[in-house]
Amino acid sequence: MPVIAIVGAGPGLGLSIARRFGAEGFRVALISRTQEKVDTLAATLAEEGIEAAGFSADVARPETLQAALAAVADRFGPVDVLEYSPADRALAGAAAVEATAEDIQRQIDFYLYGAVAAVRQVLPAMLERGTGTLLFSTGASSVRPLGGPFGATGVAAAALRNYAMALGADLAERGVHSAHVAIGVFIGTGPGTEAETIAEHYWDAYTKRDRPEIVHTVPGGIW
């Protein structure tokens, strides 16, 4: 059975991605800072017939994320799909006009360096097998700068987007697909913004492997 590791798993998009892949026979590893949260999500999935387990890690502390992914491999076997979509509402945003280097560095530590640590952990086994999928999620500001409180976050998210797409270019001939999903809506705020609707993009990215980037928006959305 293939394995998906969802970094930043929560009860919204993360759970919907887990359900989508789990319905196709994937075992699901849920990774978040709070063990209790991912244990609860894993129990929910188990009630639906999906094999899942929770693992604790902080993406701002790369060593904990790599340790969690090593534990995933010990429990389930090598990761076939890595999905990276952490979010932290406590991580204060700052407008570009006011942002300090420290403001931006905090965002980069969270969004970019965590992703790099995760990739470094799972990619060698993918390359050895000649197959694998890396999926990265950001908000609209990674593609279209929005200003305001999204300024500093957008800088880090754009860096993550660039990293995801550069990986795709480097890995295209080596059997590993890397793709970026830009979410241009506030999830759960109206038709077309449902988490389960957005989760379909991740399944499409895994099965079709035909685009380096998928942008999800609706009329009247963020952009």
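Quick caveat: nothing in here was measured; it's all calculated off a predicted structure.

Chemist: Teacher, can you tell me more about the packing of aromatic side chains here?
Modeler: Aromatic rings in a pair are described by how distant their centres are and how their planes are angled relative to each other. As enumerated under the stated definition, the model contains eight aromatic pairs in all. A ring pair is formed by F21 and W203, whose centres lie 5.0 Å apart and whose planes are at 80 degrees; its orientation type is edge-to-face. One end of the pair, F21, is in helix 1 (residues 13-22); the other, W203, is in helix 6 (residues 195-208), and 182 residues separate them in sequence. There is no split in this pair, since F21 and W203 are both buried.

Chemist: It is not clear to me how the pattern of salt bridges should be interpreted in this structure. Could you clarify?
Modeler: Any two side chains of opposite charge can pair, so long as their charged atoms come close to each other. The full count for this structure, using the stated rule, is eight salt bridges. A salt bridge links R211 to D210, with the nearest nitrogen and oxygen atoms 3.9 Å apart. By relative accessible area, which is 38% here, R211 ends up partly exposed. Classification of D210 by relative accessible area gives exposed; the value is 53%.

Chemist: Please explain the side chain of S16 as it appears in this structure.
Modeler: Along the polypeptide, S16 turns up in helix 1. Excluding residues that lie within four positions of it along the chain, S16 makes contacts with A195, E196 and A199.

Chemist: How should the packing of helix 3 (residues 62-76) against helix 4 (residues 101-129) be read in this particular structure?
Modeler: Any two packed helices are characterised by the angle at which their axes cross and by the distance between the axes. Between helix 3 and helix 4, the shortest axis-to-axis distance is 9 Å and the interhelical angle comes to 35 degrees. You can see that helix 3 and helix 4 cross each other, and the crossing is right-handed. Contacts between helix 3 and helix 4 involve P62, L65, Q66, L69 and A70 from the former and G114, A117, A118, R120, Q121 and V122 from the latter. Here the contact of helix 3 with helix 4 is built from residues that sort into seven nonpolar, three polar and one charged.

Chemist: Looking at this structure, I do not really get helix 1. What am I missing?
Modeler: Along an α-helix, a turn takes 3.6 residues, which lines up residues three or four apart on a common side. For helix 1, the tally of buried residues reaches nine of ten residues, placing the bulk of the element in the interior. Buried positions along helix 1 lie against strand 1 (3-7), strand 2 (27-32), helix 2 (35-47), strand 4 (81-84), strand 6 (176-183) and helix 6.

Chemist: What's the story with the packing of helix 1 against helix 2 in this structure? I'm lost.
Modeler: Here helix 1 crosses helix 2 at 35 degrees, and the two axes come no closer than 11 Å. In this structure, the crossing between helix 1 and helix 2 has a hand that is right-handed. In this structure, helix 1 contributes L15, A18 and R19 to the contact, and helix 2 contributes L41, T44 and L45. Looking at side-chain class alone, the contact of helix 1 with helix 2 contains four nonpolar, one polar and one charged residues.

Chemist: Which parts of the structure should I look at to understand the sheet that holds strand 6?
Modeler: Strand order across the open sheet formed by seven strands is 3-2-1-4-5-6-7, with parallel pairing between neighbours. This sheet does not close on itself; its edge strands, each paired only once, are strand 3 (52-56) and strand 7 (213-216). When the angles between neighbouring strand axes are averaged without regard to direction, this sheet yields 15 degrees. With four bridges connecting them, strand 4 and strand 5 (residues 132-139) associate as parallel partners. Its bridge partner lying in strand 5, E83 is registered against L135. The strands that helix 1 touches are strand 1, strand 2, strand 4 and strand 6; relative to strand 1, the one it contacts most, it runs at about 175 degrees.

Chemist: Explain unusual backbone geometry to me, please; I cannot follow it from the model alone.
Modeler: A negative phi holds for most residues other than glycine; trans holds for most peptide bonds. Of note in the backbone geometry, R209 takes a positive phi value of approximately 50 degrees without being a glycine. In this fold, R209 is placed in the loop between helix 6 and strand 7.

What counts and what doesn't
Residues numbered from 1 in each chain as written. Predicted model: local features only at pLDDT ≥ 70, side-chain atom pairs only at ≥ 80, totals over all residues. Heavy atoms only, no water. Phe/Tyr/Trp six-rings, centres within 6.5 Å; stacked < 30°, edge-to-face > 60°. Helix = DSSP H or I, 4+ residues; strand = E, 2+ residues; numbered from the N terminus. Buried < 20%, exposed > 50% of the residue type's maximum accessible area, 1.4 Å probe, protein only. Salt bridge = Lys/Arg side-chain N within 4 Å of Asp/Glu carboxyl O. Contact = heavy atoms within 4.5 Å. Axes fitted to C-alpha atoms, helices over the stretch in contact; angles between N-to-C directions. Left-handed = near helix turned anticlockwise from the far one by under 90°. Nonpolar A, V, L, I, M, F, W, Y, C, P; charged D, E, K, R; others polar. Pairing = 2+ DSSP bridges.

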